Amino acid sequence: MTTTTAPQAVPKEKTTPFVRRWDTPWLNRKLLFGLLVFLAVLSIEFVGPLFWDEKLAFIGAAPTNTVPIWVEGVPGPTFKAANPDHPLGTESQGRDMLAVLIVATPRSLRVGLIGAGVGMLVGITLGFAAGLLGGWVDSVISTLADVMITIPGLAVLVVIASYIPQVEIMSMALIMALFAWPLPTRLIRSQVLSMRERGYIQMAYLSGASTLDIMFKEIMPNLLPYLAASFTGAVAAVILAATGVETLGLGPTRIPTLGMTINNALSFSAIFRGMWWWWGPPIVMLVIIFISLFLMTIGLDEVANPRLRGLQQ
Amino acid sequence: MSDTHDVLPVNQPETREVALEVKDLRVHYETPQGDVIAVNGISFEVYQGELIGLVGESGCGKTTTAMAILRLIQAPGRIVGGQTIIGGEIDLLSLNSQELRDVRWKEVALIPQGAMNSLNPVMRVHKQIADAINRHEGKQSKKASEERILKLFNMVGLPSRIYNMYPHELSGGMKQRVCIAMAIALNPTLIIADEPTSALDVIVQRIVAQTLLDIKERLGASMILIGHDIGLMAQLVDRIAVMYAGSIVEIAPVRTALTDPLHPYTQLLIESIPSIKERKPLKITEGLTHDLRNPPPGCVFQLRCPQVTEACREVVPPLQELKPDHQVACHLYDGQAILQPVSLSGSYLES
Amino acid sequence: MTQPLLQVKDATKIFGGGFLQGGSEVVALQNFNLTIPEKPAKIITIAGESGSGKSTLANLMLGFIDLTSGEILFRGTDIGHMNRTQKLDYRRHVQAVFQDPYAVYNPFYPVKHIFDLVINNFKLARNKQEARDLIEDALKVVGLQGEEILHKHPHQLSGGQRQRMMVARAYLLKPDLIVADEPVSMVDASLRAMILDIMLRLRDEHNISFLYITHDLSTAYQVGDEIYLLYQGAIAERGDTVDVIEYPKHPYVQQLIDSIPVPDADQKWNEQISLPDDEELRTHADSGCRFYPRCPSRMDHCLAKQPPLYQINESDHQAACYLYSESHSK
């Protein structure tokens, strides 16, 4: 019935122009650099105590008001000369600044990671449900998320935090999560809505896949870079909000966090007194954290959205 | 074009003027894994007043060629060599951007692929055409502009009542004809139409195709029609050029190409056309192609050619004129290129 | 008389026009009737241009959307009222191949994933080896070999290979019917024959029927047994493929076939035709024959009511045109 003209050619892999390989976009400079810096900051928790005594971060552990070792002389009458045991100086409560950094940084990071983590989990669940199931489920979730987005988060957080007598890392993180979930929910919902119409989703239904299967095995894997970018963005947002609340004095008091350190500095008029080594280091650390998270977010964005990679298609 | 300066072929079509001459055009696309050779040194001529079809399957480089002629290639693509000479004088590839802007649309116009979907959805159709005119000829008076646009509509068979409409209010065929009107607004000498009817239904396709032919006649312009539907080409074009993987493999008058195709790929393409006139057994072929970044030495078609020889795997066959106006790039015809004047009996011609 | 495999009865699908959406409705399919017998296996072509309703029909048959009225009966059971188990069973017997050979693959997984989905959800194999054998067998039917390609990602294969794998996937379930929605329109011309050939072989050697949905009458002519030509949601003409294409009766079908460009420089289109300016979408269910504005043979009463299908001679050939009503042909 049919005639065949098939030369015995060696089947060579046919590739089309603009081949995108999975590994290439992940190795982009922004993501790698940001990740490197972030991991370095994370490692402070483990590496720090190996070189420095963290107990020096407690009140009264060191002589007060000494200047950092590279400062010549003494800038004012209330300060003491540099002490080689405390290279970054000490503050008015007798905390060694280097120890403070080593202790406070991981705690602030923890608030960010846990808060963003919980927020993302809620966001993924609600976003997928709203996107895939549609109907009234979608209406309820979307309306709720929209309302939450419009409420001024920081103000409410301040109120909530002031009601809790003893704020700790965990409670701080969960309070932040309250306002971290709406945006990821909206973003994930819209991604799911657009992916729902793809050919391979139809094929999956035809192959007998259940809605859960489609959610986790078909859609989710393709959303990974997007979810990762949302996560790093959320971590930055949570740390920022938490620091804001802490700077007002509403954070954990016993063991310092970066925000609380700034708060302490403010209450002791460190700015007026010119004690830059008190409020400076936490701010520098926060800037480093934010920049690394930002780089990671836009790096992941490039993975998620090929059009951002500079290859015009 | 292959060096025919030492050739005196018989029955040469009367020396027609050349509207566009493409010489050794090369376009590469950069990828992280190396350059993809999209257009591999093609050369051809478009004569004044003719309609030449550029046909090939997806990925063969025909759209890239059209874009390259108008220097519309964007990163990661780049033109790495060749010349595109209009009217025997201006090499488009050597102009600076100001000169290029003057020439584009006035001398050479393009109806790009999917043009009907690229109309600005928030602008009325008359304004879109007026914009094109104003940008090249300066602001026109409202009355002159309206007259001119209505005349254009008339030329492409559009009713005047659509003057103030938005693109979404028009049907597919009408939108495409608006794009054609835009392309001919400045009376270009060369029009390049890239798949102008691909998205249209059969009957609408016929109407738009008729329109294209019509305006070409009326303007006395030359036209390059790019597509993959050989049936459509048969209805419209004078000559046809067949492209495969970035190279031109055959150029011939359309009648000859259909009845007596010389290149194995052209033969394959013609045989694959399902007939609407008689039922016959399907002709099947394998579809393996090479990696466009790493083409094998020799002929681009070697992996699929049923008549491949050793020479094909080593030497790239040049595009040679075998019969008057019929060029083929294939080793099967080595030694048969027209080399000397022959008697009218055409005794040297073998098929 | 045995129950047919699939029976579409008076199927109508109207989009929009609900209470909350304020009015403009689109009649995508109207009073469509089709019967697919259990045997012999046939390739039934549904041909039409854009807006004809053929894609809507595909989605309805596959259970992706519901009918507005009418029924689709699979071996007697209405698919609109199936529960989850019945629907799964339905999918065992009616599968699909779609138009875009790239979009149907999940880019995250190697191509083997499409087979795994089917094998796991329908429990076709008891262990990995059995699964592997099933896949190899299906690939052989379409002319592909497993070791070379199963681990590759979709972008590493050609369009023709991807589409063939899709057919292999459909074949895996040994269905009774495969709905092929424009299976070759996004495949290169020189590779189409390969896929059409596979369809013919599946019909002849494995008794699988096809609902071949296309706008390309030339391929329909080459492989179809029966053909239904749709125009704006209604059947314009139906019958044996060769009959309808060689002797079209409905004015629309005649104009359509005449407009197909023949690859012969000596057979150009006969005359210039023109379309009336308005190519309105059908909005109301009853406004007479849809082709009226463009019909060269139109009569006054064509506007009154949509013409039913009239028989042309004694064969299966029918056309929905008053020209062929008994009163007219007398």
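Residues numbered from 1 in each chain as written. Chains lettered and ligands numbered in written order. Predicted model: local features only at pLDDT ≥ 70, side-chain atom pairs only at ≥ 80, totals over all residues.

Trainee: Is there a simple way to explain the overall build of chain C in this structure?
Mentor: Secondary structure summary: chain C contains 11 helices and 12 strands in total. Computed over the C-alpha atoms, the radius of gyration of chain C is 21 Å, within 12% of the 20 Å expected from 2.2 N^0.38 for a compact globule of 330 residues. The dimensions of chain C, computed from C-alpha atoms along their principal axes, are 70 × 55 × 45 Å. Looking at chain C as a whole, 45% of its 330 residues qualify as buried. Residue pairs in contact within chain C that sit at least 24 positions apart in sequence constitute 65% of those at least 6 positions apart. (Helix = DSSP H or I, 4+ residues; strand = E, 2+ residues; numbered from the N terminus. Rg over C-alpha atoms; globule rule 2.2 N^0.38 Å. Buried ≥ 20, exposed ≤ 12 C-beta atoms within 10 Å, placed from the backbone. Contact = placed C-beta atoms within 7 Å.)

Trainee: What's the story with the overall build of chain B in this structure? I'm lost.
Mentor: In terms of regular secondary structure, chain B is built from 10 helices and 13 strands. Since a compact globule built from 351 residues should have a radius of gyration of about 20 Å, the 21 Å found for chain B is in line with a globular shape. Each principal axis of the C-alpha distribution contributes one length, and for chain B these read about 65 × 50 × 50 Å. Across the 351 residues that make up chain B, the buried fraction comes to 45%. Sequence-distant contacts in chain B: of pairs separated by 6 or more residues, those separated by 24 or more amount to 64%.

Trainee: Looking at this structure, how should I read the confidence of the model for chain B?
Mentor: Atomic detail in the predicted coordinates should be set aside for any region of low pLDDT. All names here are of chain B. With 90% of its residues at a pLDDT of at least 70, chain B reaches an overall mean of 84. Summarising per-element confidence for chain B, the mean pLDDT is lowest in strand 11 (residues 283-285) (77) and highest in strand 3 (residues 51-55) (95). Residue range residues 1-13 is modelled with pLDDT below 50. Its contacts to residues more than four positions away, or to other chains, number 21 contacts. (pLDDT = per-residue confidence, 0-100.)

Trainee: Even after reading the chapter, I still don't get the sheet that holds strand 1 (residues 6-16) of chain C, so can you show me in this structure?
Mentor: Strand pairing in a sheet relies on backbone hydrogen bonds. The paired strands run either parallel or antiparallel. Residues and elements named next belong to chain C. Strand order in the open sheet formed by four strands is 2-1-4-5, and the pairing between neighbours is antiparallel. Edge positions in the sheet fall to strand 2 (25-36) and strand 5 (77-78), since each of these pairs with one other strand and no more. Bridging between strand 4 (residues 69-74) and strand 5 involves two bridges; their strand directions are antiparallel. The residue of strand 5 that forms the bridge with Leu73 is Asp78. (Pairing = 2+ DSSP bridges.)

Trainee: Looking at this structure, I do not really get helix 5 (residues 172-184) of chain B. What am I missing?
Mentor: One turn of the α-helix equals 3.6 residues, which is why residues spaced by three or four share an orientation. Residue and element names in this part refer to chain B. Taking 1.5 Å per residue, 13 residues should reach 18 Å; helix 5 reaches 19 Å between its end C-alpha atoms and fits that length. Burial of helix 5 is extensive: 12 of the 13 residues sit out of reach of the surface. Among all positions in helix 5, only Gly173, Met174, Lys175, Gln176, Arg177, Val178, Cys179, Ile180, Ala181, Met182, Ala183 and Ile184 are buried. Turning to helix 5, the residues buried within the fold contact strand 6 (108-111), helix 3 (125-137), helix 4 (142-155), strand 7 (190-194) and helix 6 (202-219). (Expected span 1.5 Å × (residues − 1).)

Trainee: Explain helix 3 of chain B here, please?
Mentor: Residue and element names in this part refer to chain B. Here helix 3 spans 19 Å end to end across 13 residues, near enough to the 18 Å set by a 1.5 Å rise per residue. Listed in full, the buried residues belonging to helix 3 are Val125, His126, Ile129, Ala130 and Ile133. Axial view of helix 3: buried residues confined to an arc of 125°, hence all on one face. At its buried positions, helix 3 is contacted by helix 4 and helix 5. Positioned one or two residues after helix 3, Gly138 has a phi angle of 80°, which is positive. (Arc of directions from axis to C-beta.)

Trainee: Help me out: how do you make sense of the nonpolar core in this one?
Mentor: In a soluble, globular protein the nonpolar side chains are often hidden away together inside. Counting 152 residues, the largest nonpolar core has A:Met176, A:Val238, C:Val179, C:Leu211 and C:Ala236 as the members making the most contacts within it. Sequence-distant contacts of A:Val238, that is, excluding residues within four places in its chain, are made with A:Val111, A:Gly112, A:Gly115, A:Ala116, A:Met176 and A:Ala180. (Core = buried A, V, L, I, M, F, W, Y, C linked by C-beta atoms within 7 Å.)

Trainee: Looking at this structure, I do not really get the environment of B:Leu332. What am I missing?
Mentor: Residue and element names in this part refer to chain B. Inspection of the secondary structure puts Leu332 in the segment after strand 13 (326-328). A tally of 16 C-beta atoms within 10 Å means that Leu332 is categorised as partly exposed. Spatially, the C-alpha atom of Leu332 lies 9.1 Å from that of Leu262, the residues being 70 residues apart in sequence.

Trainee: Mind showing me how you'd approach the packing of helix 3 of chain B against helix 5 of chain B here?
Mentor: Residue and element names in this part refer to chain B. The interhelical angle for the contact between helix 3 and helix 5, taken along N-to-C directions, is 25°, at an axis separation of 9 Å. When the interaxial angle is binned, helix 3 and helix 5 end up roughly parallel. In the packing of helix 3 onto helix 5, the handedness of the crossing is right-handed. Counting all contacts with helix 3, which are made through Val125, Gln128, Ile129 and Ala132, the residues of helix 5 involved are Val178, Ala181 and Met182. Looking at the contact of helix 3 with helix 5 residue by residue, the class counts come to six nonpolar, one polar and no charged. (Axes fitted to C-alpha atoms, helices over the stretch in contact; angles between N-to-C directions. Parallel < 35°, antiparallel > 145°, perpendicular 65-115°, else oblique. Left-handed = near helix turned anticlockwise from the far one by under 90°. Nonpolar A, V, L, I, M, F, W, Y, C, P; charged D, E, K, R; others polar.)

Trainee: What is the right way to look at the interface of chain C and chain B in this model?
Mentor: In many reports, interface size means the accessible area that the parts give up when they come together. If you look at the interface, chain C gives 38 residues, while chain B gives 34 residues. Breaking the side of chain C that touches chain B down by element, the ones donating at least two residues are helix 7 (189-206), helix 8 (217-223), helix 9 (241-246) and helix 10 (251-259) of chain C. With eight residues, helix 7 of chain C is the largest single contributor of residues to the side of chain C that touches chain B.

Trainee: Which parts of the structure should I look at to understand the sheet that holds strand 5 (residues 90-91) of chain B?
Mentor: All names here are of chain B. The strand order across the open sheet built from four strands is 2-1-4-5, with neighbouring strands paired in antiparallel fashion. Bordering the open sheet on either side are strand 2 (34-47) and strand 5, each of which pairs with just one other strand. The pairing of strand 1 (residues 18-31) with strand 4 (residues 77-86) spans eight bridges and is antiparallel. Among the inter-strand pairings, Lys23 is bridged to a residue of strand 4, identified as Gln83.

Trainee: Which parts of the structure should I look at to understand the pairing of strand 4 of chain C?
Mentor: Residues and elements named next belong to chain C. Bridging between strand 1 and strand 4 involves five bridges; their strand directions are antiparallel. Each bridged residue has a counterpart across the sheet, and for Thr12 the counterpart in strand 4 is Ser69. Taken together, strand 4 and the strand that follows it, strand 5, pair antiparallel across an intervening segment of two residues, in which Arg75 is found at a positive phi of about 45°.

Trainee: It is not clear to me how unusual backbone geometry should be interpreted in this structure. Could you clarify?
Mentor: Glycine aside, the phi torsion of most residues is negative, and most peptide linkages are trans. Of the consecutive residues B:Ala75 and B:Pro76, the connecting peptide bond is found in the cis state with omega at 10°. Within the fold, B:Pro76 resides in the loop between helix 1 (62-69) and strand 4. Following C:Lys39, the chain continues into C:Pro40 via a peptide bond in cis, with omega recorded as 0°.

Trainee: Help me understand the packing of helix 3 of chain B against helix 4 of chain B, please; the structure alone is not making it clear to me.
Mentor: When two helices pack together, you describe them by how their axes are tilted relative to each other and by the distance separating the axes. Residues and elements named next belong to chain B. The contact between helix 3 and helix 4 brings their axes to 10 Å, and the two run at 110°. In terms of orientation, helix 3 and helix 4 fall into the roughly perpendicular class. On the side of helix 3, the interface is formed by His126, Ile129, Ala130 and Ile133, while helix 4 contributes Ser145, Arg148, Ile149 and Leu152. Among the residues making up the contact of helix 3 with helix 4, the classes are represented as five nonpolar, two polar and one charged.

Trainee: It is not clear to me how the confidence of the model for chain C should be interpreted in this structure. Could you clarify?
Mentor: Residues and elements named next belong to chain C. Of the residues in chain C, 92% reach a pLDDT of 70 or more, and the chain-wide mean stands at 88. Contacts from residues 280-285, a stretch scored under 50 in pLDDT, to residues over four places away or in other chains number 10 contacts. Predicted complex, confidence summary: ipTM 0.86, pTM 0.82.

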